Amino acid sequence: MELKEKAFKSVSRKSHPEDTVIDIGGVKVGGDNFTIIAGPCSVESEEQIIGIAESVKKSGAVMLRGGAFKPRSSPYAFQGLKALGMDYLMEAKRITGLPIVTEIMNILHLSLFDGVDIIQVGARNMQNFELLKELGKTDKPILLKRGLANTVQELLMSAEYIMSEGNTKVILCERGIRTFEGVTRNTLDLSCIPIIKQATHLPVIVDPSHATGIAGLVAPMSYAAMAAGADGLIIEVHNDPPNALCDGDQSILPEEFDVVTRKIKKMASLFDKRV
Ligand code: PEP
Ligand code: MN
């Protein structure tokens, strides 16, 4: 199946042959850069987010992730610390200097995202076209995650929604898709990476945590992502996974994350990337 490349004008590599490189306060995403983003699924407390930020920074993460607004399947599950979580993220940024990546679920919350460096659109909102259009009017970099049941064509069309409003700073993220396979939370579609890289100039990163749902698979899938040509990783790291308020099963410990970054740094020259 061919991609219908004419449908995505600004996203297409034909419109912009060189790789787009997005500069976030000196941290670069795209081109020959390999960008490692890490942090917990959710911000749980000030100590938790600062502690994890400090340890992932030591290992080589250049950006901090952490959800303050959480999309959960159950309305009774932890929904995130919301505005308070944003305050804790800002404190972690102030202390460590790490730029922040965090998810928006409602455009009405946009004013809370002033200090955020990359706004994440989660898998469940990949086709929330009104949200995409509004984010397209901002000048914040957007991390657009592939929907659970969306094709590469649809992912690229959603990026086009953002770009058509003027915002050219879009980073794509493959985070696994639903298939008949039940042993992993999702199926990591690594073959889409070279396809996306050929079709678009936008950077594409891989989330091995949501893609597999299993902490023990995060390391091997991280290495595979680099080999497939990804521009970076977003990895869930937690200091106490069994007691995490969200996604503990797929969260790795800071010391496990350290092993991943060491090996990724060793692999980088082989794949013409700078970590
Ligand atoms: C997350 O990043 O914590 C998250 C909810 O991701 P996704 O939208 O890919 O499920
Ligand atoms: Mn998560």
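### Here we look at the coordination of the manganese ion (ligand 2)
Next, step 1: Here the manganese ion (ligand 2) is held by the protein donor atoms C41 (SG), H210 (NE2), E236 (OE) and D247 (OD), which lie 2.0 to 2.4 Å from it.
Next, step 2: Counting the intervening residues between successive donors of the manganese ion (ligand 2) yields the motif C-x168-H-x25-E-x10-D. Of the two residues, C41 is situated in the loop between strand 3 (35–39) and helix 1 (46–59) and H210 in helix 6 (residues 208–212); the sequence distance between them amounts to 169 residues. By the burial criterion, C41 is buried, and H210 matches it.

### A word on the site of ligand 1
Next, step 1: Of all residues adjacent to ligand 1, which total 13 residues, the nearest are R65, K70, A123, R124 and R175.
Next, step 2: Here an oxygen atom of ligand 1 sits 2.8 Å away from a polar atom, N or O, in the side chain of R65.
Next, step 3: Summarising the interface, the protein chains cover 98% of the accessible area of ligand 1, which totals 290 Å² for the free molecule.
Next, step 4: Because more than half of its atoms lie within 2 Å of the grid, ligand 1 is assigned to the largest pocket.
Next, step 5: Of the residues assigned to the shell around ligand 1, the class counts are three nonpolar, three polar and seven charged.

### Quick word on the environment of A244
Next, step 1: Assignment of secondary structure puts A244 in the loop between strand 10 (232–236) and helix 8 (254–268).
Next, step 2: What makes A244 buried here is its relative accessible area of 17%.
Next, step 3: Along the chain, A244 and Y223 lie 21 residues apart, while their C-alpha atoms are 25 Å from each other.
Next, step 4: If we skip the residues at most four places from it in the chain, A244 touches E44 and H238.

### Let's talk about the packing of helix 4 (residues 152–164) against helix 5 (residues 192–199)
Next, step 1: At a minimum axis separation of 11 Å, helix 4 and helix 5 run at an interaxial angle of 40°. It follows that helix 4 is oblique to helix 5 by the angle criterion. Judged by the twist between their axes, the crossing of helix 4 over helix 5 is right-handed. Counting all contacts with helix 4, which are made through V152, L155 and L156, the residues of helix 5 involved are C192, I196 and A199.

### Considering the nonpolar core
Next, step 1: Residues V56, L64, L144, L172, F257 and I264 are the most contacted members of the largest nonpolar core, which totals 64 residues.
Next, step 2: In terms of residues, this core owes the most to one element, helix 4, which gives six residues.
Next, step 3: Ignoring any residue separated from it by four or fewer positions in sequence, one finds F257 in contact with I36, A38, V56, S59, A61, I235, V237 and I252.
Next, step 4: Counting 13 residues, the second-largest nonpolar core is a separate cluster that includes I22, I37, I171 and I234.

What counts as what
Residues numbered from 1 in each chain as written. Chains lettered and ligands numbered in written order. Predicted model: local features only at pLDDT ≥ 70, side-chain atom pairs only at ≥ 80, totals over all residues. Heavy atoms only, no water. Donors = N, O, S within 2.8 Å, 3.2 Å for Na, K, Ca; no water. Helix = DSSP H or I, 4+ residues; strand = E, 2+ residues; numbered from the N terminus. Buried < 20%, exposed > 50% of the residue type's maximum accessible area, 1.4 Å probe, protein only. Near = heavy atom within 4 Å. Polar contact = N/O pair within 3.5 Å; in protein donor to acceptor, adjacent residues only side chain to side chain. Areas by Shrake-Rupley, 256 points an atom, 1.4 Å probe, with all protein chains shown as cover. 1 Å grid on protein atoms, 1.4 Å probe; cavity = no way out; pocket = protein on both sides within 12 Å on 5 of 7 lines; lining within 4 Å. Sits in = over half its atoms within 2 Å of the grid points. Nonpolar A, V, L, I, M, F, W, Y, C, P; charged D, E, K, R; others polar. Contact = heavy atoms within 4.5 Å. Axes fitted to C-alpha atoms, helices over the stretch in contact; angles between N-to-C directions. Parallel < 35°, antiparallel > 145°, perpendicular 65-115°, else oblique. Left-handed = near helix turned anticlockwise from the far one by under 90°. Core = buried A, V, L, I, M, F, W, Y, C linked by side-chain atoms within 4.5 Å.

Purely geometric stuff here, so don't read any function into it on its own.
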